[in-house]
Amino acid sequence: MSTLLQDLRYALRMLRKAPGFTAVAVITLALGIGANTAIFSVVDTVMLRPLPYPQPDRLMFMTEMALQRDGTMIEGPTSYPDFFDWRAGNHVFEGMASYHPDDFTLVGNGDPVHLSGETVSSEFFSVLRVPPILGRGFLPGEEKPGTRVVVLSHELWQSAYAGDRSIIGRKITLNRQSYEVVGVMPPTFAFLLDDQLPKLWRTFAPEAEVSAPGEPPSTAERGSHSFRVVARLKSGVTVEQAREEMNVIAKALAKQYPDTNTRHAATAVVPELEHLVGDRRLALWVLLLFVGCVLLIACVNVANLLLVRASKRSKEIAVRAALGAARARVVRQLLTESLLLGLGSAAVGVPLASWAVKLFANLNAQILPRMQYAAVDGRVLAFTAVITIATSFVFGLFPALRASHPNLVQFLKDGGRGSIGGSHQRLRGALVVAETAIGLMLLVTAGLLLRSFHRLLQVDPGFNPGHVLTFTFDLPDAKYNENQAVQFYNQFLPRLKTLPGVSSASGIYPLPLSNGRLFLTFQIEGHPVPKAEAPFAGLRIASPEYFHTLGIPVISGRDFDERDQTKSPLVVIVNQAFAQRFFPNDDVLGKRITTGIVAADKDRPREIVGIVGNVKHQSLTAEFAPEYYIPYPQIPGAGMSICLKTTAVPDSLATAVRKELAGMDPDLPVYDVRTMEDYVSTSLGQPRFQTVLLEAFALLALVLTAVGLYGVVAYSAAQRTQEIGIRITLGATADSVLKMILREGLKLAAIGGAIGVAGALLVTHWIRSMLFDVRPLDALTFASVLAILGLVSLMASYIPARRATKVDPMVALRHE
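The rules behind each value
- In every chain, residue numbers begin from 1 and rise along the written sequence.
- Predicted model: local features are reported for residues with pLDDT of at least 70 only, side-chain atom pairs are reported and counted for 80 or more only, and whole-chain, interface and lining totals are derived from all residues.
- Excluding hydrogens and water, the side-chain values take into account all heavy atoms of the structure.
- Helix and strand labels come from DSSP, where a helix needs a run of H or I of at least four residues and a strand needs a run of E of at least two; each type is numbered from the N terminus.
- Classification of residues uses two cut-offs on accessible area relative to the type maximum, computed with a 1.4 Å probe and protein chains only: under 20% is buried, over 50% is exposed, and between them is partly exposed.
- Here a residue-residue contact requires only that any non-hydrogen atoms of the pair lie within 4.5 Å.
- The Shrake-Rupley method, run with a 1.4 Å probe, gives the accessible areas here. Residue values count only the displayed protein chains as cover.
- Nitrogen and oxygen atoms within 3.5 Å of one another constitute a polar contact, given that in protein one can donate a hydrogen and the other can accept it, and given that sequence-neighbouring residues count only through two side-chain atoms.
- Within this scheme, the nonpolar core is defined by two criteria: the residues are buried Ala, Val, Leu, Ile, Met, Phe, Trp, Tyr or Cys, and they are joined through side-chain atoms within 4.5 Å.
- To be clear, the arc concerns the directions from the helix axis to the C-beta atoms.

Enquirer: Account for the overall build of the protein chain, with residues named and values stated.
Expert: A tally of regular secondary structure across the protein chain gives 25 helices and 22 strands. Out of the 816 residues in the protein chain, the part that is buried amounts to 53%. Taking contacts inside the protein chain between residues at least 6 apart in sequence as the whole, the part at least 24 apart equals 80%. For the protein chain, the computed accessible surface area is about 36000 Å², with 59% contributed by carbon and sulfur atoms.

Enquirer: Quick one: what's the story with the environment of Ala734, residue by residue and with numbers?
Expert: Within the secondary structure, Ala734 is located in helix H23 (residues 734-766). Given a relative accessible area of 40%, Ala734 falls into the partly exposed group. Each C-alpha atom of the pair Ala734 and Ala804 lies 8.7 Å from the other, and the pair is 70 residues apart in sequence.

Enquirer: Describe in detail the side chain of Ser568, supporting the description with residues and values.
Expert: Mapped onto the fold, Ser568 is located in the loop between strand S16 (554-557) and strand S17 (571-575). In terms of polar contacts, Ser568 uses its side chain to reach the backbone carbonyl oxygen of Arg563, at 2.7 Å. Those residues within four positions of Ser568 in sequence are excluded, and the remaining contacts are Arg563 and Gln634.

Enquirer: Break down the nonpolar core for me, citing the residues and quoting the values.
Expert: Formed by 104 residues in total, the largest nonpolar core has its most connected members in Ile39, Tyr53, Phe124, Phe189, Trp201, Phe360 and Phe697. Looking at this core element by element, the count peaks at 19 residues for helix H9 (residues 280-312). Those residues within four positions of Ile39 in sequence are excluded, and the remaining contacts are Leu287, Leu288, Val291, Phe360, Leu693 and Phe697. Core analysis: the second largest hydrophobic core is formed by 44 residues, Leu469, Phe471, Leu475 and Ile541 among them.

Enquirer: Describe in detail helix H19 (residues 654-664), supporting the description with residues and values.
Expert: For H19, the set of buried residues is Ala654, Val657, Glu660, Leu661 and Met664. Viewed end-on, H19 has its buried residues packed into an arc of 125 degrees, placing them on one side of the element. Seen from the open side of H19, the exposed residues pointing more than 90 degrees away from its buried face are Thr655, Lys659 and Gly663.

Keep in mind these values describe shape, not function.
Laid out in structure tokens, this is it:
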């Protein structure tokens, strides 16, 4: 212990004697350690930490696999009858629960409040194994019609009811209907399985009720797919066994119900965490690899600094060796100094990482799951400690081994000049080659992603998002029947058009780029096919002026107008993709289709009265898909998002909109008040997040690489001062000296660049799925990166080379 303390004191003393070296080394490493700590915190929170439920590895996400026209299978939501059959027929799960997001309006407790919630099956909380802290969860009988019970989140219990423990058994009013509060969830309960943070949960009992005479309840519609399933594996059952059994059940249902289930003869069973992370996994690993490479480049630079420092301490080390110091003793002393540098760098890097993580969480909470919980905690600090020790060992070992084996005779003969041997210089050159190769691979990867993001920004979404304000409200079924809902919108939309700055007002469901999905089958008149083989397309419900409001061109035919009412002839408008796929050689106008909306259409055909432009509804990267639009009055009961085209700043209308709505019904709260530009920006959130970070880290890698190359060339020129003086004395020109030094630096950069290109050719194929409309071997990106690296290498070599041409021959000849 006393020897260790002696090493520490000596190391501190030596580092204090070289404040410039210490500061540069600490800052260089702090950037690398801080970046790794911050990104690991994100990766750990999003991808590595288990879900906050007991035995989370047993929780499985389940969904149906839908067969597409091109033969591919995609995940899709499940129907109630299929869920009932899954739940009753399986032998591999100890529990299975359904859930889907829902919206509620709470009244009777002050101003009406919009609440996001979940409609779930009765086993929901037992499957997750998280009981309420107050009251109870749901009972199996509470799935039956006529039962209305609700479980509150802890946040809602505190904010709306001040934590009143007598809330259990009390009646509250949601969507103009009375619900009994039966439980309150704990404050630590985080529902992470959906995109929203629900304030309450109810059973699907209201959906089991008949909404209109002669129409089946939602729970009986096998063809209506609208929710997700979470299940808990029985002990000893593997995921593969569960997949096999559920596929057997799905195939049996397809035979039993060919009209609705032929396309859904398979299921997907994946661990819930794997589903939650989804396609973000590759991007997160790429981020972690990037910052690891940045830290490696930082280590290379510090190793080069230590090699230079070791050469200057060669006399000291030679004397210690001559006096009997063992090589291991010298290596330990030098590694102690490296460890202190690493610890100092961590002390600077961790606060930087903590600040960066908070910034990421605030700006990107909706982009990555669980991002809002990211923090530099004990797990992250443990990771930082490990990489700090490993980093100290990596950048300190080779310089320590080199310095600890001096040529005593040479050093004592030269009087301790501190010259560095050719092997040292070759090692430093090799390190620069390595960091140049790594830097080039990072730059190519970042360049491809930047090109990809630029292409994404140029994508035409099919509509004009500028100066469009959107908002939503819910008309409760308990107060508004179908006819009353139609009348409400018919009165409300014209009132909105009278607001200052509003040029048009319309409604749509689902809103583009809002993650809303609605797909239904249809039949083409004159070309009937079995129900199981019926084509399907995206369904949109729109009011008149919608296409004008969002700038969607009406290519042929007409828009919806006042003629298209509830009892008018049924009509439909299709997009170009629909017309091209299903009517490739015909004039689509006047053709008729029968949609799958049984309640609204009663199997009556709809006439196609218009063709409109394609719209990117799901994402900007998706292909244009076939879609058809139905006028709102002809599919009553559905809600819509309202769109206002304005000549003013859209956000300035929010107050006026709320006032107009309150004038028609004061119990209807407005929510999701956003501009269409915000929706477009949100859809770009994940690619923007990964592109910005990777560009920042690639730029940092480029700077560190340039600094490393500059250091090697500058030190090499300093070591050749006598040689340069002799050359000038013998008649060498400044240009020849400049070329000689430049040649050395550019040679290292060229070798590193060649190795980096070879590595980039392999790496870029790995990130193919992260690119949009850009090939992994994009020639422009490779050429641009090579040009940038060449220019930076030239500048890094030119500065010390230029300085070398100004050497005074007399001074140089006296240089040791």
